[in-house]
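The residues making up each chain are set out below.
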Amino acid sequence: MDMRLTELSCDEFAERLAGAESVPGGGAAAALAGALGAALCSMAGAFTVGKRRYAQVEGEVSSLMDEAEEIRYRLLELVQEDAEGFAPLARAYSLPKDDPARAEIIECATKKACMAPLAMVGECARAVVLLERMARIGSRMLVSDVACGAYLVRAAIEAASVNVYVNTTALADRFDAERIESACRELVDEYAPRAERIAASVVERMREGSL
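Since the model is a prediction, treat every value here as computed from it, not as a measurement. (Residues numbered from 1 in each chain as written. Predicted model: local features only at pLDDT ≥ 70, side-chain atom pairs only at ≥ 80, totals over all residues. Heavy atoms only, no water.)

(A) Region of the structure containing the packing of aromatic side chains. The tally for this structure, following the rule as stated, stands at 0 aromatic pairs. A cation sits over an aromatic face here: R72 above Y73, 4.7 Å from the ring centre. (Phe/Tyr/Trp six-rings, centres within 6.5 Å; stacked < 30°, edge-to-face > 60°. Lys NZ or Arg CZ within 6 Å of the ring centre and 35° of its normal.)

Here is the structure:
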């Protein structure tokens, strides 16, 4: 990989994603979507702080923005980590089938390939909590952006989980596979619906004219 994926332009990233290359793939796309969702949380905060109407919540909004930025940066790191995690797995599968160490090498690489998408799910779960609060206390002018952020984060959670499960399915160690899947499923089951509810609530208020 000649340069970091996050250093590519939007056009270049999309072109690379569309091409006949192994990376970037669904995991990197999921992490980027999550990072954009966290960025929209920060954007809503940026249009809230400094406004007299929201002076009482300015400190809390600033804290939400700080954490959203931490999540955004981490998810952008995970774009690259996911891609880098695939390389050892690809090399493992290219080993001769009669190599006695092949199965163990594939197993180890597969477990490692689970970690980046599982971390994405965790970071996006953190973002859901921030978006929930921002939807309540942030600028009313930016609530549609919070809803967009929630939809992006939900998509990222579910897309990243697919990349966990595709690897755990291949693991011979079913105890470890079930442990990883359980940790992922618990987060998906709680935070994907919460993200959906944030956006649905905003849309409902828009339709009712009660924003």
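What follows picks up the thread again.
(B) Inspection of the packing of helix α5 (residues 143-168) against helix α6 (residues 174-208) at higher detail. Remark: α5 packs on α6, axes separated minimally by 8 Å, with the N-to-C direction vectors making an angle of 160°. Classified by the interaxial angle, the pair formed by α5 and α6 is roughly antiparallel. Helix-helix and strand crossings are classified by hand; for α5 and α6 the assignment is left-handed. For the contact of α5 with α6, the per-class residue count stands at 21 nonpolar, 3 polar and 7 charged. (Axes fitted to C-alpha atoms, helices over the stretch in contact; angles between N-to-C directions. Helix = DSSP H or I, 4+ residues; strand = E, 2+ residues; numbered from the N terminus. Parallel < 35°, antiparallel > 145°, perpendicular 65-115°, else oblique. Left-handed = near helix turned anticlockwise from the far one by under 90°. Nonpolar A, V, L, I, M, F, W, Y, C, P; charged D, E, K, R; others polar.)

(C) Fine view of the environment of M3. Relative to the assigned elements, M3 resides in the segment before α1 (10-18). The class for M3 is partly exposed, based on a relative accessible area of 32%. As for M3 and Q80, which are separated by 77 residues in sequence, their C-alpha atoms are 9.9 Å apart. (Buried < 20%, exposed > 50% of the residue type's maximum accessible area, 1.4 Å probe, protein only.)

(D) Geometry of α6. Look at α6: 50 Å from first C-alpha to last across 35 residues, which is about the 51 Å you get at 1.5 Å a residue. Residue V188 marks the point of greatest curvature in α6, where the axis turns by about 25°. Capping the start of α6, D173 holds a side-chain oxygen 3.2 Å from the backbone nitrogen of F175, two or three residues further along. (Expected span 1.5 Å × (residues − 1). Bend = angle between axes of the 7 residues up to and from the residue. Polar contact = N/O pair within 3.5 Å; in protein donor to acceptor, adjacent residues only side chain to side chain.)

Geometric values such as these leave the question of function open.
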